[in-house]
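Okay, here's what each chain looks like letter by letter:
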Amino acid sequence: MSKWKVHQSASPSFSNEDFPPLDVNLVSSSKGGHIDKMKTRIDLGPGQKTDIIVSTQLEDSPLSNYVSQHDDSSPSAPLFNKEMKHAHANASPYKRNYFKHELDAKKWDSSHRLHNVEPFDICLSRRRNFRMEKENECRQTVDWTREGILRPGMVLLKHYLTIREQILIVRICQELGKGPGGFYQPGYNDGAKLRLRMMCLGLDWDPQTRKYGKKRQVDGCEPSVIPSEFKQLVQRSMSEAHALIKMDSKVSNVEDILPALSPDICIVNFYNTSGRLGLHQDRDESRYSLKKGLPVVSFSVGDSAEFLYGDERDANKAEKVLLESGDVLIFGGESRHVFHGVSSINPNSAPGALLENTMLRPGRLNLTFRQY
């Protein structure tokens with residue numbers, strides 16, 4: 001049994017006071033009066049360990065660029081109201097950027113229907129019953145839920161993202177997803193629709209043409225940038241995966257098995273409880289990226305999913321693993337072109353604390369990071 005194995009039990013409930021917006025502060029490290037690097041200190045709140053993540057980006061955006069500092073009794077209450085409007089005049093630059101995002105979203109709201117793109121909120125506007133059924137809690141400990149190194153270049157980190165980090169991810173995706181370039185249901189020229197909602201960050205990916213671009217064809221919107229908080233979580237996950245590989249294989253250079261990644265693309269998919277995704281390969285990135293085997297890093301949040309993977313596009317021959325909320329799956333190197341897909345979503349399997357603090361809709365939020 002690996003030391004990374006942590007099964008989720010009944011999750012604690014956080015009130016708004018218990019879960020303030022995460023504080024992100026830059027701390028400089030200097031020698032001889034010169035700054036060598038910047039570190040990001042993320043305060044995860046009471047009773048949580050403070051993480052230090054090295055960053056080469058001196059201009060990392062504060063969390064306030066992506067989540068509101070206003071908190072209501074309902075986590076998904078409207079985030080742009082009269083109180084916030086009056087506070088705009090005295091707001092700091094990064095808060096004014098957030099207000100601009102809200103205003104841009106309102107302007108976009110009046111014209112987006114010309115392109116048949118309806119705004120989609122991944123969170124519910126009203127509270128629902130978050131009671132966890134015992135049978136669904138047991139489902140999180142099934143025997144075929146493996147962890148660690150699944151195959152060369154493919155690593156599963158079980159329950160790696162904390163509840164607070166999952167809440168952060170949902171809140172950021174909710175706000176970006178409701179604005180310009182947000183969630184929509186992609187389809188094909190023959191009228192067929194994918195059984196999910198999609199949003200791209202960094203670059204847009206078109207399922208019809210299977211190409212990346214700076215604007216998406218459905219409405220001409222430019223994708224939002226990848227939040228620096230997401231990039232930091234990706235780099236931390238990669239470091240953990242490299243540590244596992246080094247311990248397992250004793251290789252001198254772990255990047256020979258799992259190359260390093262600097263993500264500039266993030267595809268965000270939201271599957272409802274009937275969502276599916278057939279076996280496929282991710283082969284639309286640049287020739288350099290594919291030749292080097294630069295990995296795909298996948299975050300799972302919400303309801304768990306039965307994930308299939310194998311060397312052929314045959315579900316009967318594929319191996320199966322349960323991806324639960326907080327799991328991180330990484331595949332690169334020899335496994336970069338593995339066939340993979342989602343066969344089913346397990347309803348009512350999301351952590352109670354996540355639902356209570358975000359009101360995430362029933363379903364699974366999945367973020368996959370790549371380097372073009």
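With an unreviewed UniProt entry as reference, the protein is termed Fe2OG dioxygenase domain-containing protein, source organism Citrus sinensis.

Participant: For this particular structure, what's the right way to read the packing of helix H4 (residues 163-178) against helix H5 (residues 228-249)?
Facilitator: Describing two packed helices takes the angle between their axes plus the distance from one axis to the other. Where H4 contacts H5, the two axes come as close as 11 Å, and the packing angle between them is 140°. By the angle between their axes, H4 is oblique relative to H5. Handedness of the H4/H5 crossing: left-handed. From H4, Glu165, Leu168, Ile169, Ile172 and Cys173 reach across to H5, where they touch Glu229, Phe230, Leu233 and Arg236. In terms of residue class, the contact of H4 with H5 is made up of 6 nonpolar, no polar and 3 charged.

Participant: I tried to follow unusual backbone geometry on my own but got confused; where do I start?
Facilitator: For residues besides glycine, phi is generally negative; the peptide bonds are generally trans as well. Positive phi, close to 50°, is recorded for His159, a residue that is not glycine. Along the chain, His159 turns up in the loop between strand S5 (154-157) and H4. For His159, a relative accessible area of 12% corresponds to the buried category. The residue Met359 is not glycine, and still its phi comes out positive at about 55°. Assignment of secondary structure puts Met359 in the loop between helix H7 (352-358) and strand S16 (364-370). Residue Met359 is classed as buried on the basis of its relative accessible area of 1%.

Participant: Would you explain the packing of aromatic side chains in this entry?
Facilitator: By convention here, two paired aromatic rings are described through the distance between centres and the angle between planes. Counted under the stated rule, the structure contains 6 aromatic pairs. With centroids separated by 5.9 Å and ring planes inclined at 50°, the aromatic side chains of Phe120 and Phe270 adopt a geometry described as tilted. With a gap of 150 residues between them, Phe120 in the loop between helix H2 (93-109) and helix H3 (134-138) and Phe270 in strand S9 (residues 265-271) connect regions that are remote in the sequence. With a relative accessible area of 11%, Phe120 lands in the buried category. Members of the aromatic cluster, joined through ring pairs, are Phe120, Phe183 and Phe270.

Participant: What's the story with the sheet that holds S5 in this structure? I'm lost.
Facilitator: Sheets are built from strands that pair by backbone hydrogen bonding, the pairs being arranged parallel or antiparallel. Read from one edge to the other, the open sheet built from 7 strands follows the order S4-S5-S14-S11-S16-S9-S6, with strand pairing classed as antiparallel. In this open sheet, the two edge strands, each paired with only one partner strand, are strand S4 (148-151) and strand S6 (197-201). Across the sheet, the mean angle separating the axes of adjacent strands is 20° when strand polarity is ignored. Where S4 meets S5, 3 bridges bridge the pair, whose relative direction is antiparallel. Counted as the bridge partner of Ile149 is Val155 from S5. Strands S6, S9, strand S11 (296-302) and S16 of the sheet are contacted by H4, whose axis makes an angle of about 85° with S16. Against the sheet, H5 contacts S4, S5, S6, S11, strand S14 (328-331) and S16, and its axis sits at roughly 115° relative to S5.

Participant: Looking at this model, I keep getting lost on H5. Mind explaining?
Facilitator: Here H5 contains 22 residues, and its C-alpha end-to-end distance of 31 Å stays within 8% of the 32 Å for a straight helix at 1.5 Å per residue. One or two positions beyond H5, positive phi appears at Lys250, with a value near 60°.

Participant: Teacher, can you tell me more about the sheet that holds strand S10 (residues 277-280) here?
Facilitator: Spatial ordering of the open sheet is given by S10-S15-S12-S13, a layout of 4 strands whose pairing is antiparallel. The outermost strands of the open sheet, each flanked by one partner alone, are S10 and strand S13 (319-323). Between one strand axis and the next, the sheet turns through 25° on average, direction left out of account. Note: S10 against strand S15 (residues 339-345), 2 bridges, orientation antiparallel.

Participant: So what exactly am I meant to see when it comes to H4 here?
Facilitator: Here H4 is 16 residues long and its end C-alpha atoms lie 23 Å apart, about the 22 Å a rise of 1.5 Å per residue gives. Judged by how many residues are buried, H4 sits mostly within the fold: 15 of 16 residues are covered.

The rules behind the values
Residues numbered from 1 in each chain as written. Predicted model: local features only at pLDDT ≥ 70, side-chain atom pairs only at ≥ 80, totals over all residues. Heavy atoms only, no water. Axes fitted to C-alpha atoms, helices over the stretch in contact; angles between N-to-C directions. Helix = DSSP H or I, 4+ residues; strand = E, 2+ residues; numbered from the N terminus. Parallel < 35°, antiparallel > 145°, perpendicular 65-115°, else oblique. Left-handed = near helix turned anticlockwise from the far one by under 90°. Contact = heavy atoms within 4.5 Å. Nonpolar A, V, L, I, M, F, W, Y, C, P; charged D, E, K, R; others polar. Buried < 20%, exposed > 50% of the residue type's maximum accessible area, 1.4 Å probe, protein only. Phe/Tyr/Trp six-rings, centres within 6.5 Å; stacked < 30°, edge-to-face > 60°. Pairing = 2+ DSSP bridges. Expected span 1.5 Å × (residues − 1).

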